[in-house]
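# Per-entry structural report
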Amino acid sequence: MPKEFILTSETKELSATQKEQYTRLVIKSNDLIRKGCYKLTAVQQKLVNYLISDIKDTDTTETIKEYDIFEILDLLGIPNEHNEHLKEFYKTLEAVASKHWWWLDPDTNNRTIMSFFNGVTITPDNKLQVSFNINILPYLQALKGNYTGYKVFYILDMKSSYSMRLYEFLKAAEDLHVWYSKISYLKMLLDCENYSFKDFNQKIIMPSLAEINKKSDITVDYALYKKSRSYVGMEFYIYSKDDAERLTAERSTRQSLDDVLLKNHHGEYQAQERPEKP
């Protein structure tokens, strides 16, 4: 008979780190959200935003954060069955650490090469140690102008990198309830400049908004603006969910994340023979 994965009563508890994800906030300067010219995949965005959610106001570039790699794998939804998955994580980490982009400081007009990390280390006992770059840290501690905060687990359950990035843009405009963008500019922000308008609208914007509306704390609608025969702009209308709507979305998202965490975690599932019907 085929084997089934059966969750035993002894393995239903999440670790303290896994539970903590439901209270962590990602804090980013609105300038960094709107003008940060970096391109990240879905897994890379989840990784960097999870690490950002652990930053404290008192952290400096000398503050070293330490994490269990296998718990990070679980949180990212990466199976940890063999070394290939560990290699996949190393590649993801390397890709994030190697991101560099030019940044124009809105206060001083200085141009700076920005990156996420000051240092990244993997210890022999599979611990990840990171410290954040001196230039980016103030933009992740609510120290640089207006900022946006959101619960990290909203994006941990999103599947699309476009949903995650668009969610940040919309959250940054939540208090205004409306955000207008030229389509050409939005394509640039989402790294979709080669998409036709039809494909961009149907394959990127519409699915992203469906995922945001289902899995986050905001509901979004939008309108299209036309000039002559071409669509030139999108205006998004952002509504904060009421308590009941937000709790419904959070319960669904938390259940989805719990299922992934329990499934991927070492020893959480045991392969057992499916019993014969009596």
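Each remark here, short or long, concerns the structure printed above.
Before going into details, it helps to say that this report is about the structure given with it. (Residues numbered from 1 in each chain as written. Predicted model: local features only at pLDDT ≥ 70, side-chain atom pairs only at ≥ 80, totals over all residues. Heavy atoms only, no water.)

## A word on the sheet that holds strand 9 (residues 178–182)
- Ordered in space as 9-11-10, the three strands form an open sheet in which the pairing is antiparallel. The open sheet is flanked by strand 9 and strand 10 (218–227), the only strands paired with a single partner. Adjacent strand axes in the sheet meet at a mean angle of 20°, parallel and antiparallel pairs treated alike.
- Sheet analysis places strand 10 next to strand 11 (residues 230–240), joined by ten bridges and oriented antiparallel. Counterpart to Tyr 225 in the pairing with strand 11 is Gly 233.
- Running at roughly 160° to strand 10, helix 9 (residues 197–215) makes contact with strand 10 and strand 11 of the sheet. (Pairing = 2+ DSSP bridges. Helix = DSSP H or I, 4+ residues; strand = E, 2+ residues; numbered from the N terminus. Axes fitted to C-alpha atoms, helices over the stretch in contact; angles between N-to-C directions. Contact = heavy atoms within 4.5 Å.)

## Re the pairing of strand 6 (residues 117–122)
- Summarising the sheet, strand 6 and strand 7 (residues 127–132) pair through five bridges and their orientation is antiparallel. Bridging across to strand 7, Gly 119 finds its partner in Ser 131.
- Connecting the antiparallel pair strand 6 and strand 7 is a turn made up of four residues, with Asn 126 showing a positive phi of about 60°.

## Focus: the sheet that holds strand 3 (residues 65–68)
- Pairing in this open sheet of three strands is antiparallel, and the strands run 3-7-6 from one edge to the other. The open sheet has two free edges, formed respectively by strand 3 and strand 6, since each of these has just one partner strand. The mean inter-strand angle of the sheet, taken between neighbouring strand axes irrespective of direction, is 20°.
- With respect to the sheet, helix 5 (residues 83–97) is in contact with strand 6 and strand 7, its orientation differing from that of strand 6 by roughly 165°.

## Some points on the packing of helix 3 (residues 42–52) against helix 5
- The geometry of helix 3 relative to helix 5 is characterised by a closest axis approach of 10 Å and an angle of 75° between their N-to-C directions. Overall, the two elements helix 3 and helix 5 adopt an arrangement that is roughly perpendicular. Between helix 3 and helix 5, the residues in contact are Val 43, Gln 44, Leu 47 and Val 48 and Phe 89, Thr 92, Leu 93, Ala 95 and Val 96, respectively.
- When the residues that make up the contact of helix 3 with helix 5 are grouped by side-chain class, the tally is seven nonpolar, two polar and no charged. (Parallel < 35°, antiparallel > 145°, perpendicular 65-115°, else oblique. Nonpolar A, V, L, I, M, F, W, Y, C, P; charged D, E, K, R; others polar.)

So far we have only geometry, and geometry alone does not tell us how the molecule works.
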